[in-house]
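# Remarks on the overall topology
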Amino acid sequence: MNMIQKSEKMKRVHSDIRGPVFEEANRMRKNGIDVLRLNTGNPGVFGFGLPESLRASILDHIDEAVPYCDLRGMPAARQAIYEYHLTKGLPNINAEDIFIGNGVSELVTMALLPLLGPGDEMLIPSPDYSLWTNSVHLCGATPVHYVCDEQSCWYPDLDDIRSKITPKTKALLVINPNNPTGAVYPEEILLQLADIAREHNLVLFSDEIYDRLVMDGVKHTSLGSLCPDLFCVTFNGLSKSHIVCGFRCGWMIISGNKEVGKEYVAGIQQIAAMRLCANAIMQLAIPAALGDPESTEAMLVPGGRLYEQREACCRVLDTVEGVTYVKNHAAFYIFPKLDIKRFNIHDDQQFAFDFLHEKHVMIIPGRGFSWPEPDHFRIVMLPEPDKMAAAMTALKEFLADYRQK
Ligand SMILES: Cc1ncc(COP(=O)(O)O)c(C=O)c1O
């Protein structure tokens, strides 16, 4: 029998968060080396526990989760989601416009497959969260990356977006708050993004999974709330705000001008039907979670874990020569810049390997986020403050005499 090859489209798919640097870290761990893994935004592995409100809700209702549920999700869960997005100002919504899925990760494919095919293009931020770029590849379509500008707080570069629109462009993705930059976009930027979508007849996708993880008094605005005349799909979930990544609990909600998207939504429904329903147990947590913003908010203020971890990280990072960064106002990521001339860096993956081998700390190189230059990397700020500071001190020591060969 001939060797079995993977399909052409798989050659473009890459997931560096669990890619070569991750595999090397796993190999080192098997050999007994204690590696601090700052690769994924997975709070549960850093000692964040399940909020009690969610535990009680699941245990009390577990029998309801025995059968397959509605392909869109359980009614009580969708009602809670609907009410949540009403408070965020999403226009023209109801509980029927919601699809609950096994994490946003599942829903992205569900949303893109019925929209995109070979020859189609979709605008995706750079840096991005690679799920989106990969999912466009899986549709056989082309991700076209627009620049988010580090000099302007990592906001999307609107001229760059405009310059990349072609007759084949079908959709524009906004990740706000952003992974990997932690940026939160102000209303005036969102309004201009909506203008572009309006002008060019683009479907708007807004990934807002970090909308409840905003700090420093910054306000998050839901993109769809600003454009009732457009077709917008907003993505959200509990993985981050309620520390339950392993539950695989996300949803998407369609808002605005739903009339124009009827055919497309029928396609989404076909795909949702193919997999019967999302895991029902995790849906039991949704009403409790959305009714409990307090456990999330407590992490984001002075004295709260996420706030203090960011502060600890930035305090040391501020003293590292050859590294600059834009402080995040949301989520638990920053995307620092390396002075590549100073360190002679020409390969960001090599930089990540070298740091891992010498200091046993794993970071993800910028290329994992569709960043074209070898001058960035992402830090996940989830370890407790003293561990976070120690990791940044290790980076400082490592860079003190680093010159890439
Ligand atoms: C921007 C963004 N979207 C989606 C996801 C996936 O979330 P889920 O756990 O709901 O699949 C992540 C996970 O890190 C993310 O950062």
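Relevant structure appears above.
Residues numbered from 1 in each chain as written. Predicted model: local features only at pLDDT ≥ 70, side-chain atom pairs only at ≥ 80, totals over all residues. Heavy atoms only, no water.

### Some remarks on the overall build of the protein chain
Secondary structure assignment for the protein chain yields 15 helices and 15 strands. At 21 Å, the protein chain has a C-alpha radius of gyration in line with the 22 Å of a compact globule built from 405 residues. Each principal axis of the C-alpha distribution contributes one length, and for the protein chain these read about 60 × 60 × 50 Å. Counting over 405 residues, the protein chain shows a buried share of 58%. By sequence separation, contacts in the protein chain at least 24 residues apart represent 74% of the contacts at least 6 residues apart. A total accessible area of about 16,800 Å² is found for the protein chain, and carbon and sulfur atoms account for 53% of it. Looking at the protein chain, you have 39 positive and 51 negative side-chain charges, and the mean spots of the two groups are 5 Å apart. (Helix = DSSP H or I, 4+ residues; strand = E, 2+ residues; numbered from the N terminus. Rg over C-alpha atoms; globule rule 2.2 N^0.38 Å. Buried < 20%, exposed > 50% of the residue type's maximum accessible area, 1.4 Å probe, protein only. Contact = heavy atoms within 4.5 Å. Areas by Shrake-Rupley, 256 points an atom, 1.4 Å probe, with all protein chains shown as cover. Lys, Arg positive; Asp, Glu negative; His and termini not counted. Charge placed at Lys NZ, Arg CZ, Asp CG, Glu CD.)

### Quick word on the packing of helix α4 (residues 103-112) against helix α5 (residues 130-138)
Their axes nearest at 10 Å, the elements α4 and α5 cross at an angle of 35°. Both α4 and α5 take part in a crossing whose hand is right-handed. Across the interface between the two elements, V104, S105, V108, T109 and L112 of α4 pack against L131, W132, S135 and V136 of α5. For the contact of α4 with α5, a count of residues per class yields six nonpolar, three polar and no charged. (Axes fitted to C-alpha atoms, helices over the stretch in contact; angles between N-to-C directions. Left-handed = near helix turned anticlockwise from the far one by under 90°. Nonpolar A, V, L, I, M, F, W, Y, C, P; charged D, E, K, R; others polar.)

### Some points on the environment of L191
Note on placement: L191 falls in helix α7 (residues 187-200). Residues L191 and A390, spaced 199 residues apart in sequence, show a C-alpha to C-alpha distance of 41 Å.

### Quick notes on the nonpolar core
Counting residues in hydrophobic clusters, the biggest one holds 86 residues, and the most contacted among them are L38, F205 and I379. Considering each element in turn, this core owes the most residues, eight residues, to helix α15 (residues 385-400). Sequence-distant contacts of I379, that is, excluding residues within four places in its chain, are made with L38, C313, L317, F332, Y333, I334, P336, I363, M388 and M392. Core analysis: the next-biggest nonpolar cluster, separate from the first, contains 30 residues, Y146, A197, C227 and L230 among them. (Core = buried A, V, L, I, M, F, W, Y, C linked by side-chain atoms within 4.5 Å.)

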